[in-house]
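# Structural description and commentary
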Amino acid sequence: LFRKSLAALAMLITVAITVVTAFDRMPTDAILDPAFRARLENDSIAFFGPNLTSAAFWITPFDDAAYSSSVGAPLMLRNDFTVHTSFLGELLITGQRLLLGRDTIVWHVEGGAGSTVGDVIYLVSRVGQGRVRVTRTMDQLPTATTAIGQVIRYCDDCVAVAAPQSDSRGGFVIQDAGGREIAIVSGPSTSDVHLSPSEHTIEVRNAVGPGRPDRSSQEIEFVTP
Amino acid sequence: VIIDFFAAAGFYLIPLLTGRLLIRRWLEAWAVGSLLWLAAVFAIAELTSLTNPHLFGDLILSLAVTVLAISIGRLVAFARRAGWPEVSRPTLFATLFLIAFGSALYFGLWIRSTAYPLQMNWDSFEHIALATQITTGHISFFPSQVSDTFTFNSYSTLFHVLLALPGIVFHRRLLGMYWWLNYWHYILTALACFWFAKALLKSTLVALSAALVGLLAFESFVAYETLFLTPQTLAALAAVVAIASATLLETPSRSMFPILCVVLLMHYIVGLVACAIVISFLLLRVATLRRLLTSSPVQGGSVCLLALSLGLHALGAWPLTSREEAVHLLLPLATKAQLLTEWYGIGAIILFAVGAWQMSRSRSDVQHLTLAISMSLIALAMAPLSYLLKFFTLAHYFICLVLACGIYALTQWFSRRGVLLSLGLMTVMFLVVFYRNETYFKEPLYFLGSESNISPAEVQAGDWLSKNAPSGSLLVSDPSTQAVLEAASGVNSQGGPYMSLETRRVLESINRSDDYGAVAERLLTIQDNLAFERQVRTDTLFVLSGRYFAWQQFPSEQKESFYYNIWQPVLLDPGDQGYINGLVDSHKFNLLYRNSELAILRVS
């Protein structure tokens, strides 16, 4: 019985450490779609067009901002953050991907002492062919916060132009270095969309306040080649 | 698709059935048949070069059909007379289970986003390019003399002759055939692993465990065992089957000679080590050598070899050749160790240790030798020299066997139900490791919904070229476009993915140049390295692909390197399209073909 128990224990330990380490290294850091690819990088979520030659734009908590009246502060400071991963989260995402075909990236970032918010969880989900929803859930949002600015920083060689008036979605079109239209960034009718060509950013600003969750979402539509 | 399925089976069956005319034993027959076809292709190529080169394919086809008809007829007559060989029920069940499970894994997981005839192995393109040359009657013992896609002769052209044969017999292009060949290879490796373990350990359950581990352990870097058919993986497969055959069926030693020849011709380095391993198992038949090979010093020596190999990392690392890419394949010990945990899972360390302990305590000389070879192969593969990871093609089978022994050692006190439950648990564990490993390998290849080195648009362009390109045309583009289009179309290029430094510099000099006349002149200076290709040169076809423009954005030193390539397809963007329009409008180039990823222009 002792040998049997010992063997069973060794087997369970072997299986457990193998499965946990495999899931820990599971490539759950990318969403693949014919029109785009979203990938977690060291300090951002990068979005590519159909070509993987270079990223077209990025989303980071260092660009996103919390506004008190009209004064904005970045959610976190660059180089002062910690990324959290979870075995159960990886297991869940892999299971969803395998069994339900649902593509999701979760990026949990905890800010340092100088951050405006404690934690931000970015949830990037593919919500249809060529479309992603980026949801930010924030912890310890300052009570005086009136709006959340969701910023997309597009690449140095890219350009953003106003969508043609015929396009009912409005917003801005991001073109890559070669002039290909990569994505259309727009916001809900209640939000403000700001383009800053000098900063290479597009900001969708949504109001938050009492009775509203500390969460904001935006959808980005990619141009299918 | 169906014809290519059978054509791919012909890769194994044509030499096998040819050899069966002379020899009854299957493996020996396959080896003899392979060598006979190598000789026949040389003879017919020589004959037709003196008379009419266009007769080469017809003569090969006639010979193959005649030989196959006689062989199949004899086989049927023999089967009616003597009956089919009897197979025990557990072995039959295990074999069918492995085929079913392997097929489900292969189609359900591995190539679920790699439709026919897309490819995920970069090396397959150069093998296809060489075999395509052989189908037209160009043959030499040295690959580099048949196609300048090869710059190094680390094997003979035997593999490519076997690849060309079904192409000629079934009149098929090789890209689609190769898609199926990888599947056949995968299933055969599982069956070989089963047979190998059964021969050495005499237990169907342990052999089944070894084969299951074999199906789920993919050496996804350099070695590419088990999911890709290459000369090195085929050499390892043949060697392992030879060991199983020698041990289980007690095949006479002299029958091993043609098999060893084939293994060696398939890949000189892997083949040499494989031959040494096969011979060491044959030497077990000699009582005095048996004692020597399974003695404690040999066992201890393999452990010392492993320690030495790991210790050498502290002293430095050495590229085996002067090839520039060799430097990039010098991996530190930590990286190699990480690769091992990614291929087999971190728990494999425990299973390997338990398995090795179990085997060392066994009274079986075969198990002692197997363990010593396993340790020695790992030592060899882990040493700080480039390319040595290739030895995992052989080590794969030995490691799977030791791991299966480890599983057996842990489950030997369990009830039958407990054993089955444990096996199920282990299978799930290795399945998770495999899923992680294969996803990680394929993800960078994703492009427009497919995971492949070549896109459907490139396959279509290859089809168009094979039908419309004038005979003697030379393709010119970046290395990766040349690699995929030469394989997909059969149209020659200078060097394929291994284009010469001169060609690279010509391409670099014309990057985005709007002096279209000078661009055309520079392109016409590009020459194939092989004289017979230069003599038949007619048109120059300049292929401007998304890959080409992406490659042109590399820094100069990367453009001049074999190591840096555009590994996945790329769409042309409006800027690229504008440049192509400029070339066409200059009248120095004629537009022949265009799609979303490339344009083919003839240099006027």
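Check the entry above for the structure.
I will try to describe carefully the structure that is included in this document.

### A few points about the sheet that holds strand 4 (residues 492-493) of chain B
Residue and element names in this part refer to chain B. The five strands lie next to each other as 4-3-5-7-6, forming an open sheet whose pairing is mixed. Strand pairing shows two members of the sheet lacking a second neighbour, strand 4 and strand 6 (589-594), which therefore form its edges. Pairing between strand 5 (residues 540-545) and strand 7 (residues 598-603): five bridges, direction antiparallel. In the strand pairing of strand 7, Leu541 is matched with Arg602.

### Considerations on the state of the cysteines
Scanning the entire structure with this criterion turns up one disulfide over all chains. Across the disulfide from Cys155 of chain A sits Cys158 of chain A; the S-S distance is 2.0 Å. Taking the torsion about the S-S bond as the criterion, the Cys155 of chain A to Cys158 of chain A disulfide, at about 90°, is right-handed. Residue class for Cys155 of chain A comes out buried when judged on its relative accessible area of 9%. Cys275 of chain B takes part in no disulfide bond, and the closest cysteine sulfur to it belongs to Cys261 of chain B, at a distance of 7.9 Å. Overall, Cys275 of chain B belongs to the buried group, its relative accessible area being 9%. Just so you know, Cys405 of chain B is unpaired, no disulfide at all, and the nearest cysteine sulfur is the one on Cys193 of chain B, 12 Å from it. Judged by relative accessible area, which is 4%, Cys405 of chain B ranks as buried.

### Re the packing of helix 1 (residues 2-20) of chain B against helix 6 (residues 158-169) of chain B
All names here are of chain B. Between helix 1 and helix 6, whose axes approach to 8 Å, the crossing angle comes to 120°. In this structure, helix 1 meets helix 6 at a crossing whose hand is right-handed. Counted together, Ala7, Gly10, Phe11, Ile14 and Pro15 of helix 1 and Phe159, Leu162, Leu163, Leu165, Pro166 and Val169 of helix 6 form the full contact between these two elements. Considered class by class, the residues forming the contact of helix 1 with helix 6 number 10 nonpolar, one polar and no charged.

### Regarding the nonpolar core
Core analysis: the largest hydrophobic core is formed by 184 residues, its most contacted members being Trp30, Phe281 and Phe392 of chain B. Sorting elements by how many residues they give to this core places helix 7 (residues 174-201) of chain B first, with 19 residues. If near-sequence neighbours (up to four positions away) are discounted, Phe392 of chain B is found in contact with Glu219, Ala223, Glu225, Leu340, Trp343, Tyr344, Ala381, Met382 and Ile399 of chain B. Core analysis: the next-biggest nonpolar cluster, separate from the first, contains 41 residues, Ala38, Ala56, Val109 and Val120 of chain A among them.

Calculation criteria
- Residues numbered from 1 in each chain as written.
- Chains lettered and ligands numbered in written order.
- Predicted model: local features only at pLDDT ≥ 70, side-chain atom pairs only at ≥ 80, totals over all residues.
- Heavy atoms only, no water.
- Pairing = 2+ DSSP bridges.
- Helix = DSSP H or I, 4+ residues; strand = E, 2+ residues; numbered from the N terminus.
- Disulfide = S-S within 2.5 Å.
- Buried < 20%, exposed > 50% of the residue type's maximum accessible area, 1.4 Å probe, protein only.
- Axes fitted to C-alpha atoms, helices over the stretch in contact; angles between N-to-C directions.
- Left-handed = near helix turned anticlockwise from the far one by under 90°.
- Contact = heavy atoms within 4.5 Å.
- Nonpolar A, V, L, I, M, F, W, Y, C, P; charged D, E, K, R; others polar.
- Core = buried A, V, L, I, M, F, W, Y, C linked by side-chain atoms within 4.5 Å.

Read these as spatial facts, not as claims about activity.
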